Amino acid sequence: MNDTILQLVDQYGYFIFFLALALGPFGIPVPNEVTVMTAGMTGDSGLLNPWLVYISTLSGLLIALTAGYGLGKYFGPPLLRRLRRNERFSGYYSTAESLLDKYGSAALCISTFIPIVRYLLPVFMGAAGKPYKKFAIYAYSGALVWTLLVFGLGVLWGERLTELLAMTEIKSALIIAILASGVFVIWKKGIRKSQSGI
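The notes below deal with the structure included here. (Residues numbered from 1 in each chain as written. Predicted model: local features only at pLDDT ≥ 70, side-chain atom pairs only at ≥ 80, totals over all residues. Heavy atoms only, no water.)

### A few points about helix α8 (residues 132-157)
Here is the rule: Helix and strand assignments follow DSSP, with helices taken as H or I runs no shorter than four residues and strands as E runs no shorter than two, numbered in order from the N terminus. Take the number of residues in a helix, subtract one, and multiply by 1.5 Å to get its expected span. Remark: exposure states derive from per-residue accessible area (1.4 Å probe, protein chains only) relative to the maximum for the residue type, with buried under 20%, exposed over 50%, and partly exposed in between.
In this model α8 runs 36 Å from its N-terminal to its C-terminal C-alpha over 26 residues, within 8% of the 38 Å that 1.5 Å per residue would give. Here α8 has its buried residues at Phe135, Ala136, Tyr138, Ala139, Gly142, Ala143, Trp146, Thr147, Val150, Phe151 and Gly154.

### As for the pattern of salt bridges
Here is the rule we go by: Here, a salt bridge means any side-chain nitrogen of Lys or Arg that lies within 4 Å of a carboxyl oxygen of Asp or Glu.
Taken as a whole, this structure holds 1 salt bridge when the rule is applied. Here glutamate 33 makes a salt bridge to arginine 118, at a shortest N to O gap of 2.4 Å. With a gap of 85 residues between them, glutamate 33 in helix α3 (residues 32-45) and arginine 118 in helix α7 (residues 117-127) connect regions that are remote in the sequence. Arginine 118 carries the same exposure label as glutamate 33, and that label is buried.

### A word on the side chain of threonine 147
Note the following rule: Every residue pair with non-hydrogen atoms within 4.5 Å of one another is taken to be in contact.
Mapped onto the elements, threonine 147 comes out in helix α8. Once residues lying within four places of it in the same chain are set aside, the contact partners of threonine 147 are Val36, Tyr54, Leu58, Leu61 and Gly152.

### What about a positive patch on the surface?
Going by this rule: The patches reported here contain residues having more than 30% relative accessible area and no salt bridge. Joining distances are 9 Å for like charges and 5 Å for nonpolar side chains (Val, Leu, Ile, Met, Phe, Trp, Tyr). All accessibility values rest on the Shrake-Rupley procedure with a 1.4 Å probe; residue burial counts only the protein chains present in the view. The charge count includes Lys and Arg as positive and Asp and Glu as negative, but it does not include His or the ends of the chains. One atom stands in for each charge, and that atom is NZ of Lys, CZ of Arg, CG of Asp or CD of Glu.
Together, Arg81, Arg82, Arg84 and Arg85 make up a region of like positive charge exposed at the surface. Structurally, arginine 84 is set in helix α4 (residues 50-85).

Written out as structure tokens, the structure reads:
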């Protein structure tokens, strides 16, 4: 699958990484994780400038999350009802809803690590009328951490990326869950310290 992305990189350069993440919610057939790891590998190989590849990737994700928030804000309840009834999204919808109930706005950080849910939660936030500033703080910080981690995996694994992508879904999910848990614990400690004035 990363061969497809590499062929597209030859044709479109940096723009393909931006486009793949920006259009992620609209059914681009390549998973975001694969795209971002391939971006890391491409930057590390010297094919493209690693900083520009990373900025293109992060920008695409931020555009997608912001678009989700805007859709929720302007089309709110009817859009959510439609998503809830859609068989393809119903499981992800339930996950997004339970994350929001359990963690509030902080769920935006966590959701970045969960495929599809990362695009649904901004819709929930927009539909709930949450202020853009609050949405941006949580969603953009989660996006920054997630892209850095996944991009970093691509840089570290480089040529062995295909090997990593061949891992079973369970192993991949476990790695992502461990990384997400670590990030969440660190983030939560930072919140507690700032609230206690330390």
